[in-house]
Amino acid sequence: MKFGPVPIEAAEGAILAHATTAGDRRFRKAHRLSADDVSVLRAAGISRVVAAVLAADDLGEDAAAAKIAASMLHRNIDTKAPATGRVNLHAEAAGIFTVDAAMIDAINAVDPTITIATLAQHAPVEKGQMVATVKIIPFAVASALVDAVMKICAGGEIFAVNAYQPVRVGVIQTVLPGIKPSVLDKTLRVTEARLARSGGRLTAERRTAHEIAPVAEAAAALARDNDMVVIFGASAMSDFADVVPAAIERAGGTVIRAGMPVDPGNLLVLGTLDGKRVIGAPGCARSPKENGFDWVLDRLIAGLDVTSRDIAGMGVGGLLMEIPTRPQPREPLPVKSQFKVGIVLLAAGRSSRMGGPNKLLALFDGKPLVQRAAERALGSKASGTIAVTGHQRERVRAALAGLDVTFADNPDFSEGLSTSLKAGIAYLPEDSAGVMILLGDMPGVGSDDIDRLIDAFREAGGNSVVRASHRGKRGNPVILPRSLFPAIAHLEGDTGARHLVEAEGLDVIDVEIGEAASLDVDTREALEGAGGVLQD
C-alpha cells in the first residue's frame with residue numbers, strides 16, 4: 001500500500017485519507033473513489049487527493065479484520081460485522097473471560113498494523129459485553145501479514161467466556177457469644193445477591209458452634225446435596241489448624257489452600273470434600289464490596305479449576321483496598337448489565353406542617369410540584385417511575401395525568417414513611433438492581449442530578465447505597481441496592497431506610513449535587529422562599 005498525495009488522474013480506486021468536499025458533494029474519509037467520483041473532483045478543480053493506493057496483494061481494513069476474526073477459535077463469543085477496520089467480539093453469556101496471553105502477544109508482534117486487545121484474564125463479564133476487538137490501523141495491510149496472524153490463530157483457543165453454571169450452594173455460619181442474628185441474616189442476603197448475579201442459588205444454611213466437630217458434621221451433610229459449601233466463621237482464621245481448615249479435614253476433605261495474597265480476602269480457605277469445593281470465607285465476604293472471595297467464587301461457578309498455584313498468583317492486582325473505578329469499555333454495556341434503577345416518587349404525605357394545603361400541589365412555574373418532580377424523574381436514566389399516592393389521592397393523580405408513571409396506592413399512608421416505601425418497592429420489576437427514593441417536595445432536584453446518582457450506582461457495581469449530598473452533609477434522593485429490599489419489607493411506622501443502611505454495613509457513596517440535596521419545602525416559608533405558590 002502506498003499512502004500520500006495522488007494525482008486526480010490516478011485516483012480511481014484509491015481510498016481517501018480525509019473527508020473531501022467537491023461542490024455540493026462530500027466524500028467521507030476512507031471512501032473508495034470511483035471513476036464518477038474522480039470526474040466530480042476534477043470538475044471542482046481538485047488536482048490531487050491524499051489517499052491510500054492498494055497493491056495487488058493488499059487487503060482492505062474491513063476485509064483484513066474480518067478474516068482475522070473469522071480464523072479465531074473461541075467459545076460463547078459472538079463476532080460482529082467489521083466497520084472502519086475494526087471487528088468487536090461480544091460475550092454470548094455471562095461468565096468469566098479467559099485468554100491465551102501468549103497468542104495475543106504473538107499476534108500483536110507480527111506487525112504494528114494489526115492489533116488485538118482483550119479484557120483482563122479472568123475478568124467477569126455480562127452477556128452482550130465486548131470482550132475483545134481486532135483493529136487494523138491503516139486502510140489496508142499486506143495479505144502475507146494477515147496470513148501470518150491466521151496461522152497463529154490456528155494454534156488453539158484464543159479466548160473464551162466460561163459461562164456461569166446454576167450451582168447449588170450450602171452455607172454454614174458458626175456462632176460465638178455476642179454474634180448478633182442480624183449479622184448472620186445480613187450475610188445470607190449478601191451471599192444470595194452474589195450467587196444471583198451468576199445464576200447460582202443458596203439452598204440451605206446451618207448455624208453451628210464455632211468448633212471443629214459440629215462444623216465438620218454440617219459440611220459433610222451439605223456437601224452431599226449441594227455443588228459447593230461456603231463456611232463463614234464467627235472468628236477469622238488465625239492459624240492453618242484453626243476451626244475451618246481443621247473441620248474440612250475432620251470431615252474427610254482436603255485443604256487446597258489457606259490464605260491468599262488478595263487484600264481484602266487474605267484469610268480465605270479453599271478445600272474439597274466428596275468431590276465438592278468448600279470455601280472458608282474471609283470476614284470481608286460478609287460485605288458486598290469486591291474482595292478475594294469473589295475471585296475464587298466466580299471462577300468456580302464458571303466451571304474453572306482453582307488451584308493453590310492459581311491463588312498464589314493473585315498477588316499482582318490483588319490490592320483491592322484502594323482500587324480505582326474501572327474505566328468504561330469502548331462500547332456501552334447492554335441494558336441488563338447497566339443495573340436498572342427504578343424511581344419511587346413519594347407523594348402520599350399529608351403536608352401536616354403546611355396547616356392545610358397540600359404542598360405537592362403548590363405551583364412552581366405554573367406546574368404542581370409533584371408534576372415537576374415526576375417529569376424530572378421521567379427525563380432521567382431511570383428505568384421507570386412509580387408514584388406512591390395516599391393523602392388526597394385523586395388530586396395528586398390528576399396532577400400527574402398523562403405522564404408515564406405507575407401508580408401505587410398506599411391506603412396506610414397515615415401510619416408513616418415505611419408504608420410508602422414498601423408500597424412503591426412492591427411495584428418494581430424483578431430485574432431492578434436498585435431503587436431511587438425521590439421525595440415529591442424537593443423542587444431543586446433535576447434530571448441531571450438523578451442521572452449523576454444513577455451513574456455512580458452503576459459504576460460501583462450496583463451494590464452500594466448512593467445518596468445526594470451538599471457540602472459534605474447527606475441529603476436526598478437516595479438509591480438503595482436490591483440487597484436491602486428484604487429488610488425494607490420489615491420496616492414499621494414512620495421509619496425510613498437510614499438505620500438499615502447503617503445496620504447492614506453497606507458502602508455508601510455520597511454525590512455532591514449542591515443545595516438541591518437539602519432543599520425541601522416542609523413549611524409555608526420554605527415553599528414560598530423556593531418560589532412556590534400554595535393552592536387551596
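Relevant structure appears above.
The text that follows walks through the structure, step by step, so that each part is easy to find. (Residues numbered from 1 in each chain as written. Predicted model: local features only at pLDDT ≥ 70, side-chain atom pairs only at ≥ 80, totals over all residues. Heavy atoms only, no water.)

For the rest of this paragraph, the subject is the overall build of the protein. In terms of regular secondary structure, the protein is built from 16 helices and 30 strands. When its C-alpha atoms are laid out on the principal axes, the protein stretches across 85 × 75 × 35 Å. The buried share of the protein, taken over its 536 residues, is 49%. In the form shown here, the protein has an accessible surface area of approximately 24,500 Å², with 51% of it arising from carbon and sulfur atoms. When the 57 basic and 64 acidic side-chain charges of the protein are each reduced to a single mean position, those positions are 1 Å apart. (Helix = DSSP H or I, 4+ residues; strand = E, 2+ residues; numbered from the N terminus. Buried < 20%, exposed > 50% of the residue type's maximum accessible area, 1.4 Å probe, protein only. Areas by Shrake-Rupley, 256 points an atom, 1.4 Å probe, with all protein chains shown as cover. Lys, Arg positive; Asp, Glu negative; His and termini not counted. Charge placed at Lys NZ, Arg CZ, Asp CG, Glu CD.)

Here we come to the packing of aromatic side chains. How two aromatic rings sit relative to each other is set out by the distance from centre to centre and by the angle between their planes. Per the counting criterion, the structure on display carries 2 aromatic pairs. Ring centres 5.9 Å apart and planes at 35° place the aromatic pair F97 and F159 in the tilted group. Of the two residues, F97 is situated in strand β10 (residues 95–99) and F159 in strand β15 (residues 157–163); the sequence distance between them amounts to 62 residues. Just as F97 is buried, F159 falls in that class too. (Phe/Tyr/Trp six-rings, centres within 6.5 Å; stacked < 30°, edge-to-face > 60°.)

The grouping of V175, L176, I179 and V183 at the surface amounts to a nonpolar patch, some 240 Å² of accessible area in total. In this fold, L176 is placed in the loop between β16 (168–175) and α5 (181–196). (Patch = residues over 30% accessible without salt bridge, like charges linked within 9 Å, V, L, I, M, F, W, Y side chains within 5 Å. Salt bridge = Lys/Arg side-chain N within 4 Å of Asp/Glu carboxyl O.)

Moving on to the sheet that holds strand β11 (residues 114–118). The sheet built from 4 strands is open, its strands ordered β8-β9-β13-β11 with antiparallel pairing. Single-partner strands in this sheet number two, and they are β8 (77–79) and β11. Across this sheet, the average inter-strand angle for adjacent strands is 15°, counted without regard to direction. Strand contacts of helix α2 (residues 61–70): β8, β9 (86–91), β11 and β13 (130–136), with the helix running at about 135° to β13, the strand carrying the most contacts. (Pairing = 2+ DSSP bridges. Axes fitted to C-alpha atoms, helices over the stretch in contact; angles between N-to-C directions. Contact = heavy atoms within 4.5 Å.)

Before going further, it helps to spend a moment on the environment of L417. Turning to its location among the elements, L417 is positioned in helix α12 (residues 417–425). Take L417: its relative accessible area is 31%, and that puts it in the partly exposed class. Once you skip the residues sitting within four places of it in the chain, L417 turns out to touch L346, G493, D494, T495 and G496.

The next subject is the pairing of β10. Most of β10 sits inside the fold, with 5 of its 5 residues counted as buried. Judged from the 2 bridges that link them, β10 and strand β12 (residues 124–125) form a sheet pairing that is antiparallel. Residue pairing in the sheet places I96 in a bridge with P124 of β12.

Looking now at the packing of helix α3 (residues 101–110) against helix α4 (residues 143–153). With their axes 10 Å apart at the nearest point, α3 and α4 run at an angle of 170° to one another. On the basis of the axis angle, α3 is roughly antiparallel to α4. Residues M103, A106, I107 and V110 of α3 form the contact with α4, whose participating residues are L145, A148, V149, I152 and C153. Tallied by class, residues from the contact of α3 with α4 come to 9 nonpolar, no polar and no charged. (Parallel < 35°, antiparallel > 145°, perpendicular 65-115°, else oblique. Nonpolar A, V, L, I, M, F, W, Y, C, P; charged D, E, K, R; others polar.)

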